[in-house]
Amino acid sequence: MLGDIARFSPHDPDALVVASLACPVCLHSGSVRWEASLRGYDPSVRCRCSSCHQRWRVYLAPEQALRLGLMV
Amino acid sequence: MRPAAAGGDVLLTGATGFVGMELLARYLERTERGVVALVRAADAREADARVDEVLENLFAGRARQHRGRVAAVPADLTAPGLGLPLGVRERIAARVSTIVHCAASVSFTLPLHEARSINLEGTRRVLELAELAQRRGGLDRYGHVSTAYVAGDHCGGFSERDHDVGQGFHNSYERSKFEAEHLVRRHPHLPATILRPSIVVGHRTNGWTAAFNVLYWPLRAIAQGLLTAIPAYPTSPLDVVSIDYVADAVYALCDSAGRAGRTYHLTAGPHVATIGEIAGQAARYFRRPVPEAIPPAEFAAQPAEGAEASARRAGAAYYPYLSLRAVFDSEATRAELEPRGIRASPLGEYLDRLLDFATRSRWGKRPIARANAFAA
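Criteria and cut-off values
- Residues numbered from 1 in each chain as written.
- Chains lettered and ligands numbered in written order.
- Predicted model: local features only at pLDDT ≥ 70, side-chain atom pairs only at ≥ 80, totals over all residues.
- Helix = DSSP H or I, 4+ residues; strand = E, 2+ residues; numbered from the N terminus.
- Rg over C-alpha atoms; globule rule 2.2 N^0.38 Å.
- Buried ≥ 20, exposed ≤ 12 C-beta atoms within 10 Å, placed from the backbone.
- Contact = placed C-beta atoms within 7 Å.
- Pairing = 2+ DSSP bridges.
- Axes fitted to C-alpha atoms, helices over the stretch in contact; angles between N-to-C directions.
- Parallel < 35°, antiparallel > 145°, perpendicular 65-115°, else oblique.
- Left-handed = near helix turned anticlockwise from the far one by under 90°.
- Nonpolar A, V, L, I, M, F, W, Y, C, P; charged D, E, K, R; others polar.
- Right-handed = clockwise from strand over helix to strand, strands pointing away.
- pLDDT = per-residue confidence, 0-100.

J.: Looking at this model, I keep getting lost on the overall build of chain B. Mind explaining?
T.: When helices and strands are counted, chain B shows 15 helices and 15 strands. Here chain B has a C-alpha radius of gyration of 21 Å; the compact-globule value for 376 residues is 21 Å, and the two agree. Reported as C-alpha extents along the three principal axes, the dimensions of chain B are approximately 65 × 50 × 40 Å. Residues counted as buried form 48% of the 376 residues belonging to chain B. Once local pairs closer than 6 in sequence are excluded, the contacts in chain B between residues at least 24 apart make up 83%.

J.: Even after reading the chapter, I still don't get the pairing of strand 4 (residues 96-101) of chain B, so can you show me in this structure?
T.: Two faces belong to every sheet, and in a regular strand the side chains alternate between them. Residues and elements named next belong to chain B. For strand 4, a buried count of 6 out of 6 residues is recorded, marking the element as mostly surrounded by other parts of the structure. With 5 bridges joining them, strand 1 (residues 9-13) and strand 4 adopt parallel strand pairing. Each residue of the ladder has a partner; that of Thr13, found in strand 4, is His101.

J.: Looking at this structure, I do not really get the environment of B:Ala326. What am I missing?
T.: Among the structural elements, B:Ala326 can be located in strand 15 (residues 326-328). Apart from the residues lying within four places of it in its own chain, the contact partners of B:Ala326 are B:Ala151, B:His154, B:Cys155 and B:Phe158.

J.: Just to check I follow, could you spell out the sheet that holds strand 1 (residues 2-5) of chain A for this structure?
T.: Note on sheets: strands pair through backbone hydrogen bonds, and any given pair is parallel or antiparallel. Residues and elements named next belong to chain A. The strand order across the open sheet formed by 4 strands is 1-4-3-2, and the pairing between neighbours is mixed. Among the strands making up the open sheet, the edge pair consists of strand 1 and strand 2 (32-37). Within this sheet the neighbouring strands show an average axis-to-axis angle of 25°, counted without direction. Note that strand 2 and strand 3 (residues 44-49) share 6 bridges and pair antiparallel. In the sheet register, Glu35 faces strand 3, and the bridge partner there is Arg46.

J.: Sorry if this is basic, but what is going on with the packing of helix 6 (residues 121-136) of chain B against helix 7 (residues 172-185) of chain B here?
T.: A packed helix pair is summarised by two numbers, namely the angle formed by the two axes and the spacing between the axes. Residues and elements named next belong to chain B. Helix 7 packs onto helix 6 with a crossing angle of 20° between their chain directions and a minimal axis gap of 9 Å. Viewed along their axes, helix 6 and helix 7 adopt a mutual orientation that is roughly parallel. The two elements helix 6 and helix 7 cross, and the hand of that crossing is right-handed. For the pair helix 6 and helix 7, contact is made by Thr123, Arg124 and Leu127 and by Ala180, Leu183 and Val184, respectively. Class assignment of the residues belonging to the contact of helix 6 with helix 7 gives a composition of 4 nonpolar, 1 polar and 1 charged.

J.: I keep staring at the sheet that holds strand 1 of chain B and nothing clicks. Help me out?
T.: Residue and element names in this part refer to chain B. One open sheet accounts for 7 strands, arranged 3-2-1-4-5-7-12; its pairing is parallel. The sheet is open, and its two edges are formed by strand 3 (70-75) and strand 12 (263-266), each paired on a single side. Strand after strand, the sheet turns through a mean of 20° between neighbouring axes, direction not considered. Here helix 2 (residues 44-59) sits on the sheet and contacts strand 2 (35-40) and strand 3; the angle it forms with strand 3, its principal contact strand, is near 130°. Helix 4 (residues 86-95) rests against strand 1, strand 2 and strand 4 of the sheet, and its axis sits at about 105° to strand 4.

J.: So what exactly am I meant to see when it comes to the interface of chain A and chain B here?
T.: How big an interface is tends to be expressed through the accessible area that disappears when the partners come together. Taken together, the 12 residues of chain A in the interface contact 16 residues of chain B. Per element, the largest residue contribution to the side of chain A that touches chain B is 3 residues, and it comes from helix 1 (residues 14-19) of chain A. Looking at side-chain class alone, the side of chain A that touches chain B contains 7 nonpolar, 2 polar and 3 charged residues.

J.: Can you walk me through the packing of helix 4 of chain B against helix 6 of chain B in this structure?
T.: Residues and elements named next belong to chain B. It is at 8 Å that the axes of helix 4 and helix 6 come closest, and there the two elements cross at 60°. Taken as axis vectors, helix 4 and helix 6 run oblique relative to one another. The hand of the helix 4/helix 6 crossing is right-handed. Facing helix 4, whose interface residues are Arg89, Glu90, Ile92, Ala93 and Ala94, helix 6 presents Leu129, Leu132, Ala133 and Arg136. For the contact of helix 4 with helix 6, the per-class residue count stands at 6 nonpolar, no polar and 3 charged.

J.: Just to check I follow, could you spell out the pairing of strand 2 of chain B for this structure?
T.: All names here are of chain B. Taking burial as the measure, the 6 residues of strand 2 include 5 buried ones, the bulk of the element. As judged from the 4 bridges shared by strand 1 and strand 2, these two strands associate in the parallel manner. Its bridge partner being in strand 2, Val10 is matched across the sheet by Val35. Taken together, strand 1, helix 1 (residues 18-30) and strand 2 constitute a β-α-β crossover, and its handedness is right-handed. Bridge count for strand 2 against strand 3 is 6 bridges, and the pairing is parallel. Counted as the bridge partner of Ala37 is Ala72 from strand 3.

J.: Whenever I open this one, the confidence of the model for chain B confuses me. Can you help?
T.: Caution applies to low-pLDDT parts of the model: their predicted coordinates are not meant to be read in detail. Residues and elements named next belong to chain B. When pLDDT is averaged along chain B, the result is 93, and 98% of the positions lie at 70 or above. Long-range and interchain partners of residues 1-5, a stretch whose pLDDT sits below 50, account for 8 contacts in this model, where long-range means more than four residues apart. Confidence metrics for the complex model read pTM 0.91 and ipTM 0.76.

J.: Just checking my understanding: could you explain unusual backbone geometry for this structure?
T.: Outside of glycine, negative phi angles account for most residues, and trans bonds account for most peptide bonds. Residue and element names in this part refer to chain B. Even without being glycine, Leu82 reaches a positive phi, approximately 60°. Examined against the element boundaries, Leu82 turns out to sit in the loop between strand 3 and helix 4. A residue is classified by how many C-beta atoms lie within 10 Å of it, and Leu82, with 21 of them, is buried. One non-glycine residue, Trp363, lies in positive phi territory at about 55°. The topology assignment puts Trp363 in the loop between helix 14 (347-360) and helix 15 (370-375). Judged by local crowding, Trp363 falls into the partly exposed class, with 16 C-beta atoms found within 10 Å.

Next up, the structure:
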C-alpha cells in the first residue's frame, strides 16, 4: 500500500484538506473514499479511489488529525 | 522598518527560471528598485554564483552595472521558514513591498507528493513571508504565478473568476498548482494577484527561449520527421503565449495595472491557434509532411516502431495538451493591459522565429544567451 504524509495545515479550508487526500495515481479527489484512524500514536487516513481502485494511507501530524476530526 | 512609501524592494522567487529571469530583467531595466532573489542554493556563495550566471545570460557585459541591486539569498522553498533564519526573514520582510512568486516545479511527471512539496508547500512558505512583510513594513502586492492549466480537463469556457469547477487533472503539476491557488485565495487580507499564463514559448522578436518543453517537443519531432501522427483533434485550441508578453504582463499587473484579489489569464485570447494550424506551419517550415491528427484513443491503439515509437514515448507527458477542450477567457486581463500596449500576438506571426531560434540553438543543446540573442 502506498504511503504519504498529509500536506495541509490546520488553518486550511475544507476543500484543501480534502484535496490533500486526492488519489496519487489518477489525481481524482471526488472519488476518494477515506476512513480516518485519528487516535493513538500515529494517526492516519486509509484512502481508496473508486476511479482507479488504488489504496493508500496518509499519515497525519497531531494538529492535522484534530483538523480532520472536525470534518468527520 | 522601511518607509511606507511604495518602491521598496521586490522579492522574486524563481529568478533563475525562464519566467523569473525575464521578469528580473524588467525590474532591473525599468526601475531603480532593489531585488531580493531567493535562490535554491546551499550557501551564499552558491546563491551569488547562480545570480551572476543569470545576469550574465541576461546582460552580458552590462551585468555588472545591475549586480549591486540584486541580493542573492540562499533559500529552500520546501523547508520551514524557507530555510532562512528568523533574523534574515525579518530583514527581508522589512525591506520588500512587492513579492512575485515564480518558483515552481514545471515537471509533469513528478510524483504528487514531490510536486506538492514545491508548488503547494513552497507557496505556503512564501505566503508566510508575505504576511510577515505586511506586518513589518507594508506589502503592496503579492503576485502568484500560476498556470491557466489549473483548468485541468475542464471542457468549454474557463474564466478568470473560475477556479474549482469540478475538473480533473492530467498530471501532478496541474493539481499542485490548483491547490496552491486555493491556498492563495485563503489569504484575502493579502494584496494578492494570481497570474495564469498558458504554454509559454520564446520571445516573439527573436525566438529566444531558455526552456524547450511542452510545445517544443512535437515541433522538434516534426523537424526530425519522426511524427507521422499526433494524438489530437485538428480543431483543438492550443493556447500559447510568448515569454515577453508574459513577463510584461506580470510586471504590469504586479504594479499599478493589476488589482489585488483578481486573477488574470495571460493567454492568447482571441488569437488562440489550433493544433492543425500549428502542425501545418511547422511542417511547411521544416519541409516535412503534415502529421495526421488522430483522436487520442485511436492514437494509443495505433502501433509505432523504431524512432517514431521512441519519440512518442518521450512526448507522452505532453499529449494531453494536444487535445484540450478548455477555452480561456482573458477579458479582464486585456481590459487592463491593452490600454498600456501589452497584448499577446497570434502564434502564427512568430512561430517561424521560434523555429529559427530552436534550430540555431539545436533545441537547447547549444544554449544561446539572451544577451547574445538580442545583440544579433
